[in-house]
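Listed below, chain by chain, are the residues.
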Amino acid sequence: MSLNLPQPGPLALVALFLVLLGLETLRPLRQRKRPRGRRWAINFSLTGLAFVCGMLTVRPVALGISAWVENRGLGLLAALPLPFWAKIIGGFLLMDLTFYYWHRLNHSRPLLWRFHNVHHVDPDLDVTTSFRFHFGEVLYSTLFRLVQVGATGVSPFTYLAYELAFNAATMFQHSNTHLPLPWERALNLLLVTPRMHGIHHSVVGSETNSNYSVVFSFWDRLNRSIRLNIPQAHVIIGVPGYSLPRDNHFFALLRLPFWPQRPYWRWPSGRPALRKPGEVTDRSFILE
Ligand SMILES: [Zn+2]
């Protein structure tokens, strides 16, 4: 019997969104620079467009190729003599590791960064930033998903489980939720947390080019791209070259990748966004 009930996954994600929104409103981690109303209208518009593109391209392609390789016994996981449960865990880890490299590529390749930059231009960071991506980034990421899912051979079940975790992790790390420092330190041993991802959205280029992990934080530790030793009170969110109020407008953001690019890591005055050398602390130790 088929029941026309809402799926538990999307409902759980909506509930998580509301909980994080409540928590970041009650006790914000970083001070806001701009009022929320206008930013939210822009973030929801970009998210809506990205969501429609994702539902039309990324999702059907990923699920289609996943079923196709599973039926034919293709992909890395099919070639490994592993029990059923190990293939699920291995597939989950492979999805997260490949996303780490994909995110890194979006920062290091100038053409990809033109699009990914739109996500980083948000002058504040909260749960509404989670899925504010240029629709172009969503469209070209379909090609990555095709290779990712085809080469790893993850099953549709693993793909859907990872998709749920990916979306929940993305909302959690973008949220401006103030967790008690000991909680965040403990959680961050395994997962990407709000303080860690806040540094990934810093106006200092070397800090944005760190902390690429999505669900598990250990990929950054293993690849030596972790950067945790910046107190959040010292983190300014955004991209300095695109920090004028008129830069964070819906149409300005849509055309941003197609326009001549400004120096990303300099303020409009021309001054570079740098951090003064402070005392040297352990890069993998979270500060308040
Ligand atoms: Zn990024």
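Helix and strand counts for the chain come out as 13 helices and 0 strands. Listed N to C, the secondary structure of the chain is α-α-α-α-α-α-α-α-α-α-α-α-α in terms of helices and strands. In terms of overall size, the chain behaves like a compact globule, its C-alpha atoms giving a radius of gyration of 19 Å where 288 residues would be expected to give roughly 19 Å. Projected onto its principal axes, the C-alpha coordinates of the chain cover approximately 60 × 40 × 35 Å. Out of the 288 residues in the chain, the part that is buried amounts to 50%. Long-range pairs, those at least 24 residues apart, make up 77% of the contacts in the chain with a sequence separation of at least 6. Counting every atom, the chain has about 14,700 Å² of accessible surface; 70% of that belongs to carbon and sulfur. Looking at the chain, you have 29 positive and 15 negative side-chain charges, and the mean spots of the two groups are 6 Å apart.

Okay, the coordination of the zinc ion next. Every protein donor of the zinc ion is accounted for by His103 (NE2), His107 (NE2), His116 (NE2), His120 (NE2) and His200 (NE2), and the metal-donor separations fall at 2.2 to 2.3 Å. In primary sequence terms, the donor set of the zinc ion follows H-x3-H-x8-H-x3-H-x79-H. Under the relative-accessibility criterion, His116 is labelled buried at 3%.

Let us now look at empty space enclosed by the protein. Inspection of the entire model under this criterion finds 1 cavity of 30 Å³ or more. Quantified by volume, the largest cavity comes out at close to 50 Å³. Counted by class, the lining of the largest cavity contains 2 nonpolar, 1 polar and 6 charged residues.

This paragraph deals with the packing of aromatic side chains. Here the structure, examined in full by the defined rule, presents 20 aromatic pairs. With a centroid separation of 4.8 Å and 40 degrees between ring planes, the pair formed by Phe99 and Phe166 is classed as tilted. Of this pair, Phe99 sits in helix α5 (residues 84-108) while Phe166 is found in helix α8 (residues 156-174), placing the two residues 67 residues apart along the sequence. When sorted by exposure, Phe99 lands in the same class as Phe166, which is buried.

What follows concerns the nonpolar core. Counting 29 residues, the largest nonpolar core has Met95, Phe99, Val149, Tyr159 and Tyr162 as the members making the most contacts within it. The set of elements that each furnish at least two residues to this core consists of α2 (36-56), α3 (58-72), α5, α6 (110-120), α7 (135-152) and α8. If one sorts the elements of this core by residue count, α5 sits on top with 5 residues. Residues contacting Phe99, with those up to four places away along its chain left out, are Phe144, Arg145, Gln148, Tyr162, Phe166 and Val214. Trp113, Tyr242, Leu254 and Leu256 belong to the second-largest nonpolar core, a separate cluster that totals 11 residues.

Turning next to the layout of surface pockets. Gaps between atoms show up when a probe of the same size as a water molecule is rolled over them. By volume, the largest pocket is sized at about 1,400 Å³. Forming the boundary of the largest pocket are 49 residues, of which Phe51, Phe131, Glu163, Phe166 and Asn167 lie nearest the centre. At the level of elements, α1 (8-26), α2, α3, α5, α6, α7 and α8 are the ones that each hand at least two residues to the lining of the largest pocket. If you tally residues by element for the lining of the largest pocket, the top one is α8, at 12 residues. Residues that form the lining of the largest pocket fall into these classes: 26 nonpolar, 19 polar and 4 charged.

With that out of the way, let us pick up the pattern of salt bridges. Enumeration according to the criterion identifies 8 salt bridges in this entry. A salt bridge links Arg39 to Asp122; the shortest N-O distance between them is 2.7 Å. Of the two residues, Arg39 sits in helix α2 while Asp122 sits in the loop between α6 and α7, which places them 83 residues apart along the sequence. By relative accessible area, which is 2% here, Arg39 ends up buried.

Look at Asn211: it is not a glycine, yet its phi comes out positive at around 55 degrees. Looking at where Asn211 falls in the secondary structure, it is placed in the loop between α11 (205-208) and α12 (218-222). Phi at Arg224 is positive, roughly 55 degrees, even though this residue is not glycine. Mapped onto the fold, Arg224 is located in the loop between α12 and α13 (250-255). Accessibility expressed as a relative area gives 76% for Arg224, which makes it exposed.

Definitions and cut-offs
Residues numbered from 1 in each chain as written. Predicted model: local features only at pLDDT ≥ 70, side-chain atom pairs only at ≥ 80, totals over all residues. Heavy atoms only, no water. Helix = DSSP H or I, 4+ residues; strand = E, 2+ residues; numbered from the N terminus. Rg over C-alpha atoms; globule rule 2.2 N^0.38 Å. Buried < 20%, exposed > 50% of the residue type's maximum accessible area, 1.4 Å probe, protein only. Contact = heavy atoms within 4.5 Å. Areas by Shrake-Rupley, 256 points an atom, 1.4 Å probe, with all protein chains shown as cover. Lys, Arg positive; Asp, Glu negative; His and termini not counted. Charge placed at Lys NZ, Arg CZ, Asp CG, Glu CD. Donors = N, O, S within 2.8 Å, 3.2 Å for Na, K, Ca; no water. 1 Å grid on protein atoms, 1.4 Å probe; cavity = no way out; pocket = protein on both sides within 12 Å on 5 of 7 lines; lining within 4 Å. Points joined across faces, edges and corners; volume = space filled by probe spheres on them. Nonpolar A, V, L, I, M, F, W, Y, C, P; charged D, E, K, R; others polar. Phe/Tyr/Trp six-rings, centres within 6.5 Å; stacked < 30°, edge-to-face > 60°. Core = buried A, V, L, I, M, F, W, Y, C linked by side-chain atoms within 4.5 Å. Salt bridge = Lys/Arg side-chain N within 4 Å of Asp/Glu carboxyl O.

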